[in-house]
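# Results of the structural survey
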Amino acid sequence: MYKVITKTMSMLKNNTVLAVNEKIFVKEENAQKYANIWKKFSNMQVFIEEINN
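Right, let's walk through the structure included here. (Residues numbered from 1 in each chain as written. Predicted model: local features only at pLDDT ≥ 70, side-chain atom pairs only at ≥ 80, totals over all residues. Heavy atoms only, no water.)

For the rest of this paragraph, the subject is the overall build of the protein chain. Along its length, the protein chain carries one helix and three strands. Listed by position from the N terminus, the elements making up the protein chain come as β-β-α-β. The principal-axis extents of the C-alpha atoms in the protein chain amount to approximately 40 × 20 × 10 Å. Looking at the protein chain as a whole, 25% of its 53 residues are labelled buried. Sequence separation of 24 or more characterises 51% of the internal contacts of the protein chain that already satisfy a separation of 6 or more. Only carbon and sulfur atoms are counted for the fraction: they give 52% of the accessible area of the protein chain, which is about 4100 Å². (Helix = DSSP H or I, 4+ residues; strand = E, 2+ residues; numbered from the N terminus. Buried < 20%, exposed > 50% of the residue type's maximum accessible area, 1.4 Å probe, protein only. Contact = heavy atoms within 4.5 Å. Areas by Shrake-Rupley, 256 points an atom, 1.4 Å probe, with all protein chains shown as cover.)

Following this line, the structure appears as structure tokens:
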């Protein structure tokens, strides 16, 4: 299982976190595709985490 975590950062100079979202995927390639979509936004930080279930 793979968890994609997106953090929306404010565009202001202090760069505070506005929102954190998590989505779970069974397949790594699906998680990667989802992450790549969000990586296109300059105010997003995107992380993929493997979770053992």
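With that settled, consider the packing of aromatic side chains. Summed over the entire model, instances satisfying the criterion amount to three aromatic pairs. Relative to Y34, the ring of F25 has its centre 5.1 Å away and its plane inclined at 50°; by these criteria the two rings are tilted. F25 gets classed as buried once you look at its relative accessible area, which sits at 13%. Ring geometry for W38 versus F41: centroids 5.5 Å apart, planes at 35°, classification tilted. Assessed through its relative accessible area of 27%, W38 is described here as partly exposed. Through a chain of ring-to-ring contacts, the aromatic side chains of F25, Y34, W38 and F41 assemble into a single cluster. For K23, the ring lying beneath its charged end belongs to Y34, and the centroid distance is 5.8 Å. (Phe/Tyr/Trp six-rings, centres within 6.5 Å; stacked < 30°, edge-to-face > 60°. Lys NZ or Arg CZ within 6 Å of the ring centre and 35° of its normal.)

Right, let's talk about the pairing of strand β1 (residues 2–9) for a bit. Within β1, seven of the eight residues are buried, which leaves it mostly tucked inside the rest of the structure. Where β1 meets strand β2 (residues 17–25), eight bridges bridge the pair, whose relative direction is antiparallel. When the sheet's bridge partners are listed, T8 is paired in β2 with A19. The sheet contact formed by β1 and strand β3 (residues 44–50) spans seven bridges and is antiparallel. Paired with V4 across the two strands is I48, which belongs to β3. (Pairing = 2+ DSSP bridges.)

Don't take any of this as a statement about function, it's just geometry.
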